[in-house]
Every structure is written in C-alpha cells, then in structure tokens.
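# Report on the structure
As a plain string of letters, each chain reads:
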Amino acid sequence: MGEGAFEMRVYDLLLRVYPSSFRNEYGGEMRAVFARSRRDAVGAGSIVTLWLGTIAEVAGNAALVHGDLLRQDAGYTLRVLRRTPGFAITAVLIVALGIGATTAVFSVTDFVLIRPLPFPDPSRLVKVWERTPGYNRLELSAANYRDWTEGSAVFERIGMYHAAAANLLGAGEPLNVFGAAVSADLFPTLGVRPLLGRLFVETDDRKGAAGTLILSYRLWQTQFGGDPAVVGRELLLDSEKFAVVGVMPREFRFPSSDAQLWTPLRFDEQDYVDRNNNWLESVGRLRRGVTIVQARARLELLAAQSRRQYPKENADVSASVIRFSDEVSNQSRLLLVALCGAAGCVLLIACANLANLLLARALGRRRELAVRAAMGAGRERMIRQLMTESLLLAAIGGILGVLVARSAVPLLNRLVPSTLPLATAPVVDLRVLLFAMALTGVTGVAFGLAPVLRVGGEADLGGLRESARIGGGSRERLRSMLVVAEIVASVVLLVSAGLLLRALWTVQSTDPGFRAEGVLTLRTALPYPQYGRVATREAFYRRVLSDVRALPGVTSAGYISFQPLGRMRGGIWPVSLDGRPVNVADHQVAFIRYVTPGYFATLGIPMKSGRDVREADDVDRKPYAAVVSESFVRRYWPKDDLASVLGRHFTFAYEDRLVVGVVGDVRMRGLERDAEPQVYLSSKQVPDNWIIGYAPRSLAVRTTTTPAALAPSIRAIVRRVDPTLPVSDVTTLADLVDGDTASRSAQLRVLGAFAVIAFVLAGIGIHGLLSFAVSQRAQEIGVRVALGATRRDILSMVVGRCARLAAAGVIPGIAIAYVAGREMEALLAGVRPADATTMAAAVGLSIAMAAAGSLVPTLRALRVDPMTALRTE
Amino acid sequence: MLPTATFHILLALAEDDRHGYAIIQDVAARTGGELKLSAGTLYRSIQRMLEQGLIVETRDRPAPEDDDERRRYYRITPEGTAAAREEARRLAQLVRMARARGLAPRKA
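Attention here is on the structure that accompanies the text. (Residues numbered from 1 in each chain as written. Chains lettered and ligands numbered in written order. Predicted model: local features only at pLDDT ≥ 70, side-chain atom pairs only at ≥ 80, totals over all residues. Heavy atoms only, no water.)

Each helix and strand in chain B was counted, giving four helices and three strands. Expressed as a percentage of the 108 residues in chain B, the buried residues total 41%. Counting only contacts in chain B whose residues sit at least 6 apart along the sequence, the fraction spanning at least 24 positions is 47%. Total accessible area on chain B stands at roughly 6,800 Å², and carbon and sulfur atoms take up 52% of it. (Helix = DSSP H or I, 4+ residues; strand = E, 2+ residues; numbered from the N terminus. Buried < 20%, exposed > 50% of the residue type's maximum accessible area, 1.4 Å probe, protein only. Contact = heavy atoms within 4.5 Å. Areas by Shrake-Rupley, 256 points an atom, 1.4 Å probe, with all protein chains shown as cover.)

In a disulfide, the sulfur atoms of two cysteines are held together by a covalent bond. This structure, assessed with the given rule, holds zero disulfides over all chains. Between Cys340(A), a free cysteine, and Cys345(A), which holds the nearest cysteine sulfur, the sulfur-to-sulfur gap is 12 Å. (Disulfide = S-S within 2.5 Å.)

Residues and elements named next belong to chain B. Pairing in this open sheet of three strands is antiparallel, and the strands run β1-β3-β2 from one edge to the other. At either end of the open sheet lies a strand with only one pairing partner, and these are β1 (18-19) and β2 (55-58). Relative to strand β3 (residues 73-76), β2 runs antiparallel, the two being bridged by four bridges. Paired with Glu-57 across the strands is Tyr-74, a residue of β3. (Pairing = 2+ DSSP bridges.)

Listed as interface residues are 19 residues of chain B and, on the opposing side, 19 residues of chain A. The largest share of the area that chain B buries against chain A comes from Tyr21(B), Tyr43(B) and Arg44(B), three residues that together contribute 40% of it. For the pair chain B and chain A, the number of links is two salt bridges. Among the salt bridges present, the one from Arg72(B) reaches Glu25(A), with a minimum N-O distance of 3.2 Å. Counting every contact that joins chain B to chain A gives nine residue pairs in polar contact (both at pLDDT 80 or more). (Buried area = accessible area lost by both parts, 1.4 Å probe. Salt bridge = Lys/Arg side-chain N within 4 Å of Asp/Glu carboxyl O. Polar contact = N/O pair within 3.5 Å; in protein donor to acceptor, adjacent residues only side chain to side chain.)

The next subject is the packing of aromatic side chains. All names here are of chain A. Counting across every chain of the model gives 30 aromatic pairs over all chains. Centroid distance Phe-119 to Phe-252: 6.2 Å. Interplanar angle 70°. Geometry classified as edge-to-face. With a gap of 133 residues between them, Phe-119 in the loop between α4 (85-114) and β1 (125-132) and Phe-252 in the loop between β8 (240-247) and β9 (261-264) connect regions that are remote in the sequence. Like Phe-119, the residue Phe-252 is buried in the burial classification. Plain terms: the ring middles of Tyr-599 and Phe-600 are 6.1 Å apart, the flat faces sit at 70° to each other, and that makes the pair edge-to-face. Note on Tyr-599: relative accessible area 0%, which makes it buried. Classification of Phe-600 as buried rests on a relative accessible area of 2%. Through a chain of ring-to-ring contacts, three or more aromatic side chains come together here, namely Phe-119, Tyr-161, Phe-187, Phe-200, Phe-252, Phe-254, Trp-262 and Phe-324. (Phe/Tyr/Trp six-rings, centres within 6.5 Å; stacked < 30°, edge-to-face > 60°.)

What follows covers helix α8 (residues 292-309) of chain A. Every α-helix carries 3.6 residues per turn, so stepping three or four residues along brings you back to the same face. All names here are of chain A. Here α8 is 18 residues long and its end C-alpha atoms lie 25 Å apart, about the 26 Å a rise of 1.5 Å per residue gives. The complete set of buried residues in α8 reads Ile-292, Ala-295, Leu-299, Leu-302, Ala-303, Ala-304 and Ser-306. Elements in contact with the buried residues of α8: β1, α5 (142-149), β3 (155-169), β10 (281-286) and β11 (318-323). (Expected span 1.5 Å × (residues − 1).)

All names here are of chain A. Scanning all chains against the criterion turns up 38 salt bridges over all chains. A salt bridge links Asp-121 to Arg-288, with the nearest nitrogen and oxygen atoms 3.5 Å apart. Here the residue Asp-121 occupies a position in the loop between α4 and β1, and Arg-288 occupies one in the loop between β10 and α8, the gap between them amounting to 167 residues. When the shortest N-O distance is used, the salt bridge between Arg-621 and Asp-617 registers 3.9 Å. By sharing partners, the salt bridges in this structure join Asp-110, Arg-115, Asp-429 and Arg-431 into a single network.

On to the nonpolar core. In terms of nonpolar packing, the biggest core is built from 106 residues, with Phe187(A), Leu190(A) and Trp262(A) touching the most fellow members. Ranked by size, the runner-up nonpolar core spans 39 residues in total, among them Met30(A), Val58(A), Ala39(B) and Leu42(B). (Core = buried A, V, L, I, M, F, W, Y, C linked by side-chain atoms within 4.5 Å.)

On to the environment of Gln678(A). Residue and element names in this part refer to chain A. Note on placement: Gln-678 falls in strand β20 (residues 678-682). On a C-alpha basis, the gap between Gln-678 and Arg-667 in space is 9.8 Å, while along the polypeptide they are eleven residues apart. In this structure Gln-678 touches Ala-590, Phe-591, Val-627, Val-628, Ser-629, Ser-631, Phe-632, Gly-664, Asp-665, Val-666 and Met-668, once residues within four positions along its chain are discounted. For Gln-678, the side chain forms a polar contact with the main-chain oxygen of Val-666, separated by 2.6 Å.

Moving on, we get to a nonpolar patch on the surface. All names here are of chain A. A contiguous nonpolar surface patch, about 360 Å² in accessible area, is contributed by Ile-89, Leu-93, Leu-400 and Leu-403. Going through the elements one at a time, α4 and α11 (379-412) are the ones with two or more residues in the nonpolar patch. Looking at where Leu-403 falls in the secondary structure, it is placed in helix α11. (Patch = residues over 30% accessible without salt bridge, like charges linked within 9 Å, V, L, I, M, F, W, Y side chains within 5 Å.)

On to unusual backbone geometry. Where the residue is not glycine, phi is negative for most of them; where a peptide bond is considered, it is trans in most cases. Residues and elements named next belong to chain A. In this model, Phe-254 is joined to Pro-255 through a cis peptide bond whose omega is 0°. Here Pro-255 lies in the loop between β8 and β9. Here Asp-316, not a glycine, exhibits a phi torsion of approximately 70°, which is positive. What makes Asp-316 partly exposed here is its relative accessible area of 42%. We note that Ala-829 has phi near 50°; this positive angle belongs to a residue other than glycine.

The next point concerns the pairing of β20(A). Residue and element names in this part refer to chain A. In terms of burial, β20 is a largely internal element, five of the five residues being buried. Going residue by residue along β20, you find Gln-678, Tyr-680 and Ser-682 tucked away on one face and Val-679 and Leu-681 tucked away on the opposite face as well. In this sheet, β20 lies alongside strand β15 (residues 589-595) in parallel orientation, the contact comprising five bridges. Following the sheet pairing, Val-595 is matched in β20 by Ser-682. Taken together, the three bridges between strand β17 (residues 624-629) and β20 define a ladder with antiparallel strand orientation. Bridge assignment links Val-627 to a residue of β20, and that residue is Tyr-680.

Just distances and angles here, no functional claims.
This is the structure in structure tokens:
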C-alpha cells in the first residue's frame, strides 16, 4: 500500500500541471482512472510504460486545456473590449507609447553600451594610453610604446595606429579620405581577416618599403565598383605610389565608423627618439587568463621604470589600460543612462495609467464579476480572466510599441557616437524584440495585478448586493497613489527636460569668439611633398585667395591650419617665456595655428590691440610675428593689459616670437570648453618642410550672399590652380557651430518627447481618476445638493481633491528631479540642478495639467441634478 | 466533423450511462485495443462535450454493486445522439466515395 500511495502522490503532483479549475472538476476522476490502470498493469515493464505514457499524456493534455482556457478568456476579453472601444484604444495606445519609448531607447543603449564589439573575443581587447596630470588618455610616444609592450607578459598581441586623412588619386575624382596608418600587428590583434587579398605584414612597416594599402569595403564598392582585380592595382596616395594588397569585409570599421582605408605605419629608429611626441593609439589583446587589473599593474610597473630611466621626458607619465568596450565617452554613457531613466519613467506612468484604467473598469464591473463568481467561476478563473485581459491589451500595445520603436530608432541615431568602430546603425532586431516581449509581459502583469488584487480578492456575493456606489474611502487609495506616482514621474521628466533645454540655450548663446553667419569653409589637401615648400604654398594661397576675393559677394577670405570646432580640435605646443624651461606638467602650452593675412577679419575675430599678420611677415624677417589671444595674455602676463604686451617675446615652435597683436578668444575645442591660450603665426614664417601638418589648408570665405552657394565657384578656382587637389569638408561655419550642439539638441528632443508623453499621460490619469470618482459619487453629490450644498461646496470638493493629488505628486517629484539633476550635472553645461526658473516652470505646468485634467469632471460634478441622482438609488 | 475521441465517447455512451474508466474500457474493447483514451484526453473531451451539450452528468446511479460513490456518470443527450448520427453519416459517405474509386473494401 505504501508504494501505491507514493505513486498516487506522484500522480497528484503531475495533475498540478493542469489549471486548477480543471483539476478541481476532474482531478478525482482522473485519479480513479489512473489507479485502475495502475492496478491493471502487471510487471515492471508495463508499469514503466504506464508511467512514461502518463507523463507524456499529462504534458500534452495540460497544454491543450490551458489553451482552451486561454482561447475562452481571450474571446471573452475581445467581446468585452469591443463593447468599450474607447477604453480599448486608450489602453492600447498608452501601452504602445510606453513600450515604444523604452524599446527605442533600449535598442540604442544596447547598441552603444551593452553589445560586444564586432571583433572575436572582444572582452580581451584593451587600449593602452599614457596618463599625465591633466590628461587621462594621452596618445603614446613610439619609444614608450616599444618599452612598455615589447616581449610583454600580458599581451598576446598588441598593435598601434594613428588616424589620418589622405588624398587618393587614381580612382576618378581626387578624393580626401579618412583612414588610419596601422602597424602590421593591429589587424591580427583585433582578430579580423581580409575579404580579399592579404593583411599587412611586418615588411610593410619598414620605412622605405614599397607602399601598400588596404581598402575598406565601402571605398572598394564606391570607387572601384567592387572589382576583385583591384588587388595589386597602384594608386596615388598623397602623391606617393601605393599598391592595393587587400580589401576588408563590409562590417569592419576601424578606428571609427568613417574609416575608408589603411596604410602601414612605417617606422625607423629616428621615430623612437622623441618621447614627448604623443601620437600613437594602441589596441592590445590580453593573454588568456590575464585580467585587466594584472595588465594595469604590469604596465604601471613598466611606466615607473621609464620614469626612472627618463626622468626628464617621462616625468609624471604613467600608463592606463582601459577595456576597448569602455572607450565610449562618459558623456555618451551618462546621456544614454539618463534616457533609459526617462524611458523607464514613461513606462512607469503608462503602467500606472493602465492599472488605474483597469481598476476603474474592474470596480465598475464588480456586479458582472460577482455574477460570474455566483455562477461558479472560482477565484483562480477570475484572476486568470483578468490577467488574460491585461496581457492581451499589453500584447496588442506591445506590437504597436515595436512599430513605434522602429520608426523612432532612426531619429535616435545621432546619439550613437561616430567614434565607435561599428558599421551599422541601431535597428530593432531579434534582441530588441525579445526585450520588447519581456517588457510587454512585465507590463501586462504589472498593470493587470492591481485590479486582480483589488477585485480578485473580493469576488464574493457582496458585489451583487451592493449597488455600484463604491466611490469613496480606502477603495480609491490605490488609485490615488497610482495617479500621484504618475505626477511624480512626469514632474521629474519635465524638470530634467527643462534643465537640458536651459543647458542647450546656455550653450547656444555662448559666444564662440567669431561670427559664424555668412562664412563658408573648406579644406584643400596640399599634400606633402609637393607642397612642402613655403613658396609653393604661398603661390597657391595667393592665386586662390585673390580669385576667391574677386567673386561677387565675397568680402574677405583667409587660410588657417584648422577651423575652430572642426574635426581637428587639438594642436598644442609648449610655451616658454624669457628662455625659461617649459614646465609641461604645469600645462604651459598654447594652441598653434598658422594663418594668412585676412583670416581674423573673415571670421570676425576682433583685433583687441596691435595688428594682423601681414605679407611682409616672411621667413627672412626675424623675430617672427605672433598674434596671441586674450586668454594667452591672461595666462602668461596676468598683470598686464592687452596693449602693453605688444612687443614682448616668447619661445614657441622652435622660434623666438614677437607679439604683434592680440585677438579675442576662440573656443577651438567646442562651445562647452573654455578658450585656451592661442597663438597664430604667419603662414610664411616657417622653414621649408617643417611642421607640415600645421600648414594652412582650411579656407574660410565671408560673403554677403548665401555661403553654401559659393562652393561650386570656389571648387572651380581650386581646380584651375591645381586640378589634382581634392577639396573636402565643405561646410559653413554656422553648420560647424550647429554640429557642436547637435547631439545636445538630439538628446533634448528625445527627453522632451518623453516629458510631453509623460505629461499627457499624467493628465489623462488625473482626468480618469476624477471622472470616475465623480460618476461614482453622483448620488452623494446629489444628496449634498439636495441638503443645501452650494455649487461652491461641490467645486471645492472636486478641486480640493485634485489639488491634494497635485501637491502629493509635485513635492516629491521636485525632490527626485533635483537628485536626478545632480546625477546628470555633467550634461547641464553649468546650469544648476536646482535652477529656480526650471523648477517653477515645471510646477506651473503640473498645476496647469492637473487643472486641465480635472476640468471635465468638475463641470460634470457641478451639473449633477439632485433629482436624477436620487432616483437611481 | 467530430474529433475521434468525441465520436468514440458518444458511441460508448449511446449504449449506456458510463463513468470515465468504463468509457475508456468500452472504447478499447470496441477498437480491439487500438484506441486507448488517456485520462487527460478523456476529461478534456468530456469538458468540451459538456459545454457543447452533447452529454450531461447524470444523477441516476446504476446498480449498487457497480457503483462507486466518487464516480461521475455521463449520459448522452439528444444533441449528442444527433451529432453522432451526423458524424456516422458523414463517415459512411466518405467510405462510399472511396469505394467508388476502388479505395475501400466492397463491404464495410
């Protein structure tokens, strides 16, 4: 018997797989059937067969029975929803917004922060930087790179690279393409293979080796029509011959998504001399089993060794090792986290809203549910029915939400930093779909739970006896709490969006130091070595500038090394005063820019004292002239005024310089960065073949007409002067300034959209709650009116309710918003998280929203006719 | 068209009111052991047939010596009989058509 009882217990356990309603009804019968079958089975073989068959049978049939119930409930739900289409549409739209917003943000966040990089075994990839006081990630000098990585115990492999632009000839139009010079180790370190041909080998790296290059898939397609015979072809790159040795696969982008070709990084012993020439980036692959902590410790040891060995050059230089996947800037990361928070708020509000809607409906349907309970539907069946309803709503909303996300994701593209080695843009793919599905499930359960707890728990006959008058008291506390939560979340979003808006305004109103309107800029390549000599360059500038200045509408034109806010935002050089040695650690540096006469006038950079560089400032005229910025004077001669520093000397870029003029500050690195000291030198006062990288290549033209319309005529002028010279980066200064705030405005648009959605949803929430309360309490109001309550009393009853809700939401909302503002202070460009204007505006809007939400219910309460209300009793 | 299990249950109940295990046994006996309804299939079918009104649970108990207090007995309804008849006609027609094409034995 003992054994039989045990087997029956096992069978009972199996029966638990069935829905309990089915089990309650037929469990006993099924037990009896099983007991008989068990008794009939004789011998171990048939017992085992019976059990196996039973298990399979239970699994299959239980699923079918669950399916029957689901079909039944879904059919019922659809019938009910069809009777109340307004409710159904509202609910589905709310879910769609919540899930759409969250899914869209997730797809971008996943793409930028979570998804592994598109290289094999990416967790072992790290970047190595030098670290000095003031710079956390400084490029490596070749010598330090060699000392720190040679025969390394921590790296399986390590390679280095240097991003660069080059002019490509031999494939139609001359083309300025962006790419990188890479060491032969780099691609194997990343673990990539070529699509065609081969990768670089060590012999390609030597100085004097025949030029070789590897094409990106994109360049191969656009310039060579995807011709496989391109391997072996010779091209001119900056007028040097390079043979194509390979083509990389389509998805390979390195170091950034716009890289088009790669050349070998060629070295000789000379390159290892200067330890302060920091220009190499490196990617290493850690040996299996080596942790990043061990790698850091090892590199720090080597850096300390170098400090001892080269106390002068390597003073304060230490090493930092950072996971390749962590290269995304802190600001991008913070931004995405902030957006996730915002999306979470929207979803929360959506859920609260729906919970409220369903709760109101469930309370309204108490009679119906009570009837069903009286007819024998068990508690579990009722809960199941309610959950089916909310999950069905969530599912329809979720599908719509994915469509919303699909159309929203392209708008979020700007939030993806272009510096990532990623080929594709974020899309709604399987991962994102799974996320959306999970979210939909959680949402359905979350907002379905409230009515289940509220109604499922009390599905008794009480609902039958009591008439529908169930408005007041504790029953509404849950609903009020949900509305308060919505207000809290919407206040947080409003304040955050407001702070970002203020920050954007602050940044946009920042004076960049020049007048951006009406200026066109473009780059002419001027490759080395043809343009290595100053005289050649000057002849070029003279012809181009004089022809450009003759164009109708052009008021001035000038050349500079790099425009402010452009792609190249650095370029600094040590400054030495009165022959004293430079203290690099003390940041004794300034921006270096070479200009032609007329550049300051073209950009509208004000001359504060002295004069511009002029034609007479040529290579024979010493001391060389320098125009410095106000910030330079403040930094190096803080006690003196701008006029008195004229005629002073300092040493900069190997030469003694004489201050001939002072100009206003320009924010070279961006509107949100302070203007650092700047030095402008004459384009003529440099020896031939010196600091070629800083030779003026960027033309700026000020016009009284539309700047962009000038581009074709300027291209024509450049082509006349040198037909092989590529023209690139054609843009207006105004666009450069806009570009500087583009990601900020994108982020504001997204957060702003979220805030608006939240705001509207919270308004709907207030409206729904009060409407319901008023309709449920119509009799009470009628009685009060009959007993002599004035319209004022009724008004203050409804409005007071609304005011309490608003206050209960706004006050914690402001507090949380302040905390959130503190967290994202880095995104606020100096706007304080407790900014009074923003807070006041958010509170004002919330009050307006509460007022708007309560308008219709208030009017309805005032219109209650005591006679009608009492008669329904 | 009726599901096979439903049709067999109707056949089993056409003769007499039966409880679950008796239905299983009757079906097995009639099909020569070819069709053995499992408890799950049986009661899922019964649940649907009750909803569709093809059968009812009966309160009449059979002779005391066969009775088992805990058992539920089911009885075919007129709708159930009609449904079974309709299904039989459909099947007969199918067999006739198959026979006309030489795909079935001359005598059923």
